[in-house]
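# Understanding the architecture of this molecule
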Amino acid sequence: MRNRALTVVLPLSVLLAIGLVWEAAVRAFEIPSYILPGPGKILAVMWLRLDLLVFHALITLLEIALGFLAALVLGVGLAVAIYASRTVERSLLPLVIASQTIPVFAIAPLLILWFGYGIGSKVVMTTVIVFFPIVIATVQGLRAADPDTVALLRILEASPQQIFFKVRVPQALPFIFSGLKIGVAVSVIGAVIGEWVGAQRGLGYLMIHANAQLQVELVFASIGFLSLMGVGLYGLVSGLERVLIPWRR
Amino acid sequence: MKVVGTTVRRRRVIPFTLAVFRALENGLFVCLMKKSACPMNSLDITDSVKPPGAGALADPPLLEVESLSMAYGRGPDSLSVLGNVHLRLSRGECIALIGPSGCGKSTFFNLLAGLVRPNEGEIRLRGRPVADLRGTVAYMQQKDLLLPWRRMLDNAVLGLEIQGVPRPTARKRARELLEVFGLKGFENRYPHELSGGMRQRVALLRTILCGKDIWLLDEPFGALDAITRREMQTWLLRAWERFRASVLLVTHDVEEALILADRVYVMTARPSRIRASLALPLARPRQVTQPDMVRLKAGLLDLLETNPESRS
């Protein structure tokens, strides 16, 4: 219990210390706020423009959530197909891996062109970026089952379906969740890149907009919201993991 | 043992002794008792197994294994694991297989269980040739192989569940045995919350609940400490007597074989054959300190330590 409290308290105190040094530096060297605003000013802006920030944050959150869910369904689906069929594995897995060498930035303008300025292109962007870690982790997880356990089920005359659902799927769950955790961390990037390239809403759009008007406090406030969102989503996935995988200490 | 004095008496006693011999399969017990009178090569099971047809009038034994051979790979690089294994298991009997490590005992079990195919040989179940024993055997290993995501009770019913028994019925059947297995009160624990001995008991319970005629136990208690192992042997004896199963037990532990088995088969190193068979017509529960047991243990250790190649 004390350890758990420390895992929250320690990083927060480091964050607080950084904030204090930052604030002191900004005041001591009289750095203008259009270059680097102090944390105090940023917090003030967060509070004053809260409804604006929340509105745009919700848009971004929706993009992330939809993109993430799509990636989960497609990723797990493809992973099962790769696991089940050697042909699918040989024909698709190299392409999936090769696709990762294309920077997401490079295809962002194309996605805007194809899916428009609205939410669609950002959802696709998030899906593209989250998809990969989920596929790889799930394939790995489905193959992770202990061969002796599989042999035991075969001796008990289990059908391939029974072996799949009673052994392979539960065995893969922890792997899938580590894929999801990587995915959730990069999902924010996908949505924000999409918004940078072309959007009318969302935190990425707000940042670009504020940056152009030298409202640097608002840029920082957006970044703060994005990272809070990222941490929150990560916490959500971890919590879900703890509920769904109770056998892991 | 019966000592026969005159030829007249011997003639009368023959049917009786035959019956005893049949029960002991080959009377090697006698050989070991009077080792000097008995040429060593007669310990070879191939010499002592009766020719086919000898037991034709009686019911065929539950399980017969004839000239089973197995090699991994082909050609000059192939590794011969089993060479010509013969074995016979009667209903309700407990047979221990003992031999040096890496002697292919596990391969033998995998053959019986149908996980690998033999190169040669025949397996007969109640006199009928079968490819393997899948569906007739329950298998237990040194590793408990409990599924970490299942609670204790759900691990115990895995076999029943696969057979299609509805979960409530399966759980009810498992619950009835929890007390016998010292697992009551731990139904909802995950495997990692149980001790090594308990996990192994759950594995044993899962094996037994499958309701199969033959139990293949592959060094089931090999990973446990000596004290827990003794306890587990008692559990196993109790379960075996209660369910009247036929057991094939692979073990490295001479004492374990002596405490549990009706008969011990000694295997050679790779490619393994069954080299000798030793009947243990002693009442249970047995103590390793009994004089009979001490003598049998000495004989068995002697068999294990001598190299058959150097004798022939």
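Computed from a prediction, not measured in an experiment: that's the story for all the values here. (Residues numbered from 1 in each chain as written. Chains lettered and ligands numbered in written order. Predicted model: local features only at pLDDT ≥ 70, side-chain atom pairs only at ≥ 80, totals over all residues.)

What follows is about the overall build of chain A. Helices and strands together make up the secondary structure of chain A, namely 10 helices and zero strands. Counting only C-alpha atoms and orienting by the principal axes, one finds that chain A spans roughly 75 × 50 × 30 Å. Taking all 249 residues of chain A together, the buried fraction comes to 33%. Here the analysis covers contacts within chain A between residues at least 6 apart in sequence; of these, 76% occur between residues at least 24 apart. (Helix = DSSP H or I, 4+ residues; strand = E, 2+ residues; numbered from the N terminus. Buried ≥ 20, exposed ≤ 12 C-beta atoms within 10 Å, placed from the backbone. Contact = placed C-beta atoms within 7 Å.)

Residues and elements named next belong to chain B. As paired elements, strand β1 (residues 63–72) and strand β2 (residues 79–89) share seven bridges and run antiparallel to each other. Bridge pairing in β2 places Tyr 72 opposite Leu 79. What sits between the antiparallel neighbours β1 and β2 is a turn of six residues, in which Gly 73 has the positive phi angle 80 degrees. Relative to strand β4 (residues 120–125), β1 is paired through five bridges, and the arrangement is antiparallel. (Pairing = 2+ DSSP bridges.)

Moving on, we get to the domain arrangement of chain A. Residue and element names in this part refer to chain A. Domain assignment breaks chain A into domain 1 (1–30) and domain 2 (35–244). Distance between the C-alpha centres of domain 1 and domain 2: 29 Å. Every contact between the two is made by five residues of domain 1 and, on the other side, four residues of domain 2. Looking at the side of domain 1 that touches domain 2 residue by residue, the classes come out as two nonpolar, one polar and two charged. (Domains from an automatic or database assignment. Nonpolar A, V, L, I, M, F, W, Y, C, P; charged D, E, K, R; others polar.)

Turning our attention to the interface of chain B and chain A. Each partner contributes residues to the interface: chain B has 18 residues there, and chain A has 15 residues. Elements represented by at least two residues in the side of chain B that touches chain A include exactly β6 (137–140) and α6 (158–162) of chain B. In terms of residue count, α6(B) provides more of the side of chain B that touches chain A than any other element does, three residues in total. Here the side of chain B that touches chain A is composed, by residue class, of 12 nonpolar, four polar and two charged.

Moving on, we get to the nonpolar core. Residues B:Ile95, B:Leu216, B:Leu249 and B:Val264 are the most contacted members of the largest nonpolar core, which totals 82 residues. Other than its neighbours up to four places away in sequence, B:Ile95 contacts B:Leu89, B:Val247, B:Leu248, B:Leu249, B:Ala261, B:Asp262, B:Arg263 and B:Tyr265. If you look at the next biggest cluster of nonpolar residues, it comprises 49 residues, including A:Ala108, A:Ala137, A:Phe175 and A:Leu203. (Core = buried A, V, L, I, M, F, W, Y, C linked by C-beta atoms within 7 Å.)

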